[in-house]
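Structure assessment
Here is what each chain is made of, one letter per residue.
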Protein chains: 2
Amino acid sequence: MAAPARFSLNQETVRQWSLPELVAGCCAAGVAAVGLWREPVRGFGVRETARLVASAGLRVSSLCRGGFFTASDPAGRAAALEENRRAVEEAAELGADVLVLVSGGLPEGERDLAEARRRIAGFLGDLVPWATGHGVRLGIEPLHPMFAADRCVVSTLGQALDIAEQFPAEQVGVVADSYHLWWDERLAADLGRAGAGGRIVSVQVADWVTPLPEGVLLGRGQLGDGCVDLRAFRQLADRAGYRGPVEVEIFHPGLWARDGTEVLREVIARYREHVE
Amino acid sequence: MAAPARFSLNQETVRQWSLPELVAGCCAAGVAAVGLWREPVRGFGVRETARLVASAGLRVSSLCRGGFFTASDPAGRAAALEENRRAVEEAAELGADVLVLVSGGLPEGERDLAEARRRIAGFLGDLVPWATGHGVRLGIEPLHPMFAADRCVVSTLGQALDIAEQFPAEQVGVVADSYHLWWDERLAADLGRAGAGGRIVSVQVADWVTPLPEGVLLGRGQLGDGCVDLRAFRQLADRAGYRGPVEVEIFHPGLWARDGTEVLREVIARYREHVE
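Computed from a predicted structure; not experimentally measured. (Residues numbered from 1 in each chain as written. Chains lettered and ligands numbered in written order. Predicted model: local features only at pLDDT ≥ 70, side-chain atom pairs only at ≥ 80, totals over all residues. Heavy atoms only, no water.)

A short note on the packing of helix α6 (residues 157-164) of chain A against helix α8 (residues 187-196) of chain A
All names here are of chain A. Keep this limit in mind: A fitted line through C-alpha atoms represents every axis, and for helices the fit uses only the stretch in contact; the resulting angles, taken between N-to-C directions, go from 0 to 180 degrees. Helix and strand labels come from DSSP, where a helix needs a run of H or I of at least four residues and a strand needs a run of E of at least two; each type is numbered from the N terminus. Any angle between 65 and 115 degrees counts as roughly perpendicular, while under 35 counts as roughly parallel, over 145 as roughly antiparallel, and the rest as oblique. Note on convention: near helix rotated counterclockwise from far helix by under a right angle means a left-handed crossing. Clockwise means right-handed. Contact between two residues is taken to exist if any of their heavy atoms lie within 4.5 Å; hydrogens are not considered. In this classification, the charged set is Asp, Glu, Lys and Arg, the nonpolar set is Ala, Val, Leu, Ile, Met, Phe, Trp, Tyr, Cys and Pro, and all remaining amino acids, among them Gly, are polar.
One can describe the packing of α6 onto α8 by two numbers: an axis separation of 9 Å at closest approach and a directional angle of 25 degrees. As summarised for this structure, α6 and α8 are arranged roughly parallel, according to the angle between their axes. Here the hand of the crossing between α6 and α8 comes out left-handed. Taking contact as the criterion, the partners of L157, G158, L161 and D162 in α6 are, on α8, L187, D190, L191, R193 and A194. In the contact of α6 with α8, the residues fall into 5 nonpolar, 1 polar and 3 charged.

Observations regarding the relation of the copies chain B and chain A
Test applied: Least-squares fitting of one copy onto the other uses the C-alpha atoms of those residues that reach a pLDDT of at least 70 in both copies.
After a rotation of 180 degrees and a shift along the axis of 0.0 Å, chain B superposes on chain A with an RMSD of 0.0 Å. On the angle and the small slide along the axis, the relation comes out as a two-fold axis. Residue E214 of chain B, judged by its C-alpha, is the member of chain B lying nearest the rotation axis, at 1.9 Å. When the interface residues of chain B are mapped onto chain A, 100% of them again lie at the interface, so the same face is used by both copies.

Section: the nonpolar core
Buried together is how nonpolar side chains tend to be arranged in soluble globular proteins. We apply this condition: Nonpolar cores were defined as sets of buried Ala, Val, Leu, Ile, Met, Phe, Trp, Tyr and Cys residues, with membership established by side-chain atoms within 4.5 Å. Burial classes: relative accessible area under 20% of the type maximum marks a residue as buried, over 50% as exposed, and values in between as partly exposed (1.4 Å probe, protein chains only).
Ranked by size, the top nonpolar core spans 186 residues in total, and within it L124 and L138 of chain A together with L124 and L138 of chain B carry the most contacts. Beyond its immediate stretch of four places on either side in the chain, L124 of chain B contacts F69, L101, P129, L138, I140, I163 and F167 of chain B.

Details of the side chain of R199 of chain A
Residues and elements named next belong to chain A. As a reminder of what qualifies: When charges are counted, Lys and Arg are positive and Asp and Glu negative, with His and the chain ends excluded. Think of a salt bridge as a Lys or Arg side-chain nitrogen and an Asp or Glu carboxyl oxygen that are within 4 Å of each other. In the analysis that follows, any N or O atom pair within 3.5 Å is treated as a polar contact, provided that within protein one partner can donate a hydrogen and the other can accept it, and provided that, for residues neighboring in sequence, both atoms belong to side chains.
Tracing the chain through its elements places R199 in the loop between α8 and β7 (200-205). Within the buried set, R199 has no salt-bridge partner at all; the shortest N-O distance to an opposite charge, 5.1 Å, is to E165. A polar contact is formed between the side chain of R199 and the backbone oxygen of F167, at a distance of 2.8 Å. Residue contacts for R199: discarding those within four places in its chain leaves L161, A164, E165, F167, P168, A169, V172, G173, V174 and A194.

Re the sheet that holds strand β5 (residues 138-140) of chain B
Residues and elements named next belong to chain B. Basically, it comes down to this: Here a strand pair is declared whenever DSSP counts at least two bridges between the two strands.
What the 8 strands build is a closed barrel, ordered β1-β2-β3-β4-β5-β6-β7-β10; its pairing is parallel. Recorded for the sheet is a direction-independent mean angle of 30 degrees between the axes of neighbouring strands. Sheet analysis places β5 next to strand β6 (residues 172-177), joined by 3 bridges and oriented parallel. Looking at β6, one finds that G139 is bridged to G173. Against the sheet, helix α5 (residues 113-133) touches β4 (99-102), β5 and β6, its axis set at about 145 degrees to β5. On top of the sheet, helix α6 (residues 157-164) reaches β5 and β6; it is set at about 170 degrees to β6, its chief contact.

Examining the interface of chain B and chain A
Here is the rule we go by: A quick way to say it: buried area is the sum, across both parts, of accessible area lost when two parts are put together, with a 1.4 Å probe.
With 33 residues of chain B at the interface, the matching set in chain A holds 33 residues. Roughly 2,600 Å² of surface becomes buried between chain B and chain A when both sides are summed, with 60% attributable to carbon and sulfur atoms. Considering only the side of chain B, the residues that lose the most area to chain A are R111, W183 and E185 of chain B, jointly responsible for 24% of the buried surface there. There are 0 salt bridges connecting chain B and chain A. Taken together, the connections running from chain B to chain A amount to 12 residue pairs in polar contact (both at pLDDT 80 or more). Looking at the side of chain B that touches chain A, its residues break down into 15 nonpolar, 9 polar and 9 charged.

What to know about the pairing of β7 of chain A
Residues and elements named next belong to chain A. Counting buried residues along β7, 6 of its 6 residues qualify, which places the element largely inside the surrounding structure. Across 4 bridges, the pairing between strand β6 (residues 172-177) and β7 is parallel. Bridge pairing links V174 to I200 in β7. Judged from the 3 bridges that link them, β7 and strand β10 (residues 246-248) form a sheet pairing that is parallel. Looking at β10, one finds that Q204 is bridged to E247.

Let's talk about helix α1 (residues 19-29) of chain A
All names here are of chain A. Put simply, the rule reads: Think of it as the arc spanned by the lines of direction from the helix axis to the C-beta atoms.
For α1, the full list of buried residues reads L19, L22, V23, G25, C26 and A29. Looking straight down α1, one finds its buried side chains confined to an arc of 165 degrees; they lie on one side. Looking at the residues trailing α1, positive phi occurs at G30, about 70 degrees.

Some remarks on the UniProt feature "domain: Xylose isomerase-like TIM barrel" (unreviewed entry) in chain A
Test applied: UniProt positions are given in the numbering used here, feature names are shortened, and annotations may be inferred rather than shown by experiment.
The positions UniProt marks with the feature "domain: Xylose isomerase-like TIM barrel" (unreviewed entry) are residues 28-266 of chain A. Annotated as 44% helix and 17% strand, the span residues 28-266 of chain A places its first and last C-alpha atoms 14 Å apart.

Considerations on the sheet that holds strand β5 (residues 138-140) of chain A
Residue and element names in this part refer to chain A. Sheet architecture is closed into a barrel: 8 strands sit in the order β1-β2-β3-β4-β5-β6-β7-β10, paired in parallel fashion. Here the average twist between neighbouring strands, direction ignored, is 30 degrees. The sheet contact formed by strand β1 (residues 7-10) and strand β2 (residues 33-37) spans 3 bridges and is parallel. Bridge assignment links L9 to a residue of β2, and that residue is V34. Sheet strands touched by helix α11 (residues 260-274): β1 and β10. Its angle to β1, the strand with the most contacts, is close to 140 degrees.

Let's talk about the pattern of salt bridges
Residues and elements named next belong to chain B. All told, the structure shown has 48 salt bridges over all chains when counted by the stated rule. Between R118 and E115 there is a salt bridge; the shortest N-O distance is 3.1 Å. Residue R118 and its partner E115 are both found in helix α5; the two are separated by 3 residues, about one turn of the helix. Given the relative accessible area of 54%, R118 is considered exposed. Residue E115 is classed as partly exposed on the basis of its relative accessible area of 30%. Of the charged contacts, one joins R258 and E266 as a salt bridge, the two residues approaching to 3.0 Å between their closest N and O atoms. Judged by relative accessible area, which is 26%, R258 ranks as partly exposed.

Quick look at the packing of aromatic side chains
What counts here: Aromatic rings from Phe, Tyr and Trp, with only the six-membered ring used for Trp, were paired whenever their centres fell within 6.5 Å, and each pair was classed as stacked if the ring planes differed by under 30 degrees, edge-to-face if by over 60, and tilted otherwise. Note on criteria: charge over ring means Lys NZ or Arg CZ within 6 Å of the ring centre, with the direction from the centre no more than 35 degrees off the ring normal.
Tallied over the entire structure, the rule returns 11 aromatic pairs over all chains. Aromatic rings pair up to connect Y179, W182 and W208 of chain A into one cluster. The ring centre of W130 of chain A lies 4.7 Å from the NZ or CZ of R85 of chain A, which sits over that ring. The ring of F251 of chain B has R220 of chain B sitting right over it, with the charged end atom 4.9 Å from the ring centre.

Here it is as structure tokens:
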């Protein structure tokens, strides 16, 4: 039985798999789309990855990630721009629907969150022409406020939209991930606003489970294990007009320690039960 | 040299101290106000604590805490009401400026965050007359969204105000803690709204440091060790008309392992440097 039509598997959910294993595993399970990460893709080779996924007929629903461009010094900013141009080129070569951008946190020693947030639009002003030239759409991903200091100063979908809307919708959209946004009472309104503007470029799902682990990055829960109403989340995106892939992105050492095929089977079953 | 006039020491910052040690330590350092917690107060005796702080001339800037009233079943709700009535009585006996309320998280197995948030006002409708009868003001404290699942479904100052404003300002206000609110771009506007309505009943400060520890509860940072602009935070509250104590509330095992007198000295010095 094929996986649900809109189901996409983010590579980090089955981090134990090499790229060939990922592609073979997805094909065997009838998965039509994958979300990829730059590091493993570069490790395997960008061109080789592009050939592999294309020959398997897989859609690349996203490439994670560009971003980390909150540097306030010119050298840091220039280095970030270079790095993000490479990310754009890789997304183009892979034919990814979107290059996901995580803004980065507060630079060391800085305390002005509002100013760091303002710098993002300026940086995008430099990156967007490059992305447009390569036919790559950018997606700003807000991360949970618990990451505001060290990973992403963009903490809500509303903030992501405030930035994205400074550019044409075909160039810059937003990424809506249930893990980061579930707590926000403005989520429904902001998803509606994003959909009306044609700005929802990616929808990702993971559940929220407690207690959070040290560092909190690897605390994302298997679908159904936590307290997020994932179906309601997906329906909000649908109601806002989103018709694209729904990518399952779970960072969880417990899943990585298991057999990838078994994990994928479980993820698909959970997706049917809690998301579809 | 006396501590700054508005400085208040929350008891949990020097958890290693018994109540007599806390009172003696505060008197020696010229601290005029303390924030207390129910558990140690009950351990020492509510009446005995009230006598001790009164005889030392200390102001009780807050009592932590009531709340945890998101239960959806009648028995859980009744038990929470009883427990909160006891907390009100204790706050009255201590002469505390405010009884801090932390709403509680999502009940086990529930996924409707909006509904859990709605239940809070209903619960307060039952508790407020009791508090008013005892001359105790209630303060709704929003906790950081990372606690939305398991500790507090009220995640922003705006949400806390939406609830508080259903009651008279002299009965229900809001507690503004830098650790929980620093990331929120609406903070300035919401503090302004809270101040205009006479609703700021407590201001607490702690810094945000990363990486967060497992469980994230004990990750609050010493003033100046993190990325929060604490002075700007205090100034926002002041500009909103707040004139009360500024309570330092840091849960940090590193501070608890040290000599209490030394910790208090450091906290006061940091307060002068980063808050006053």
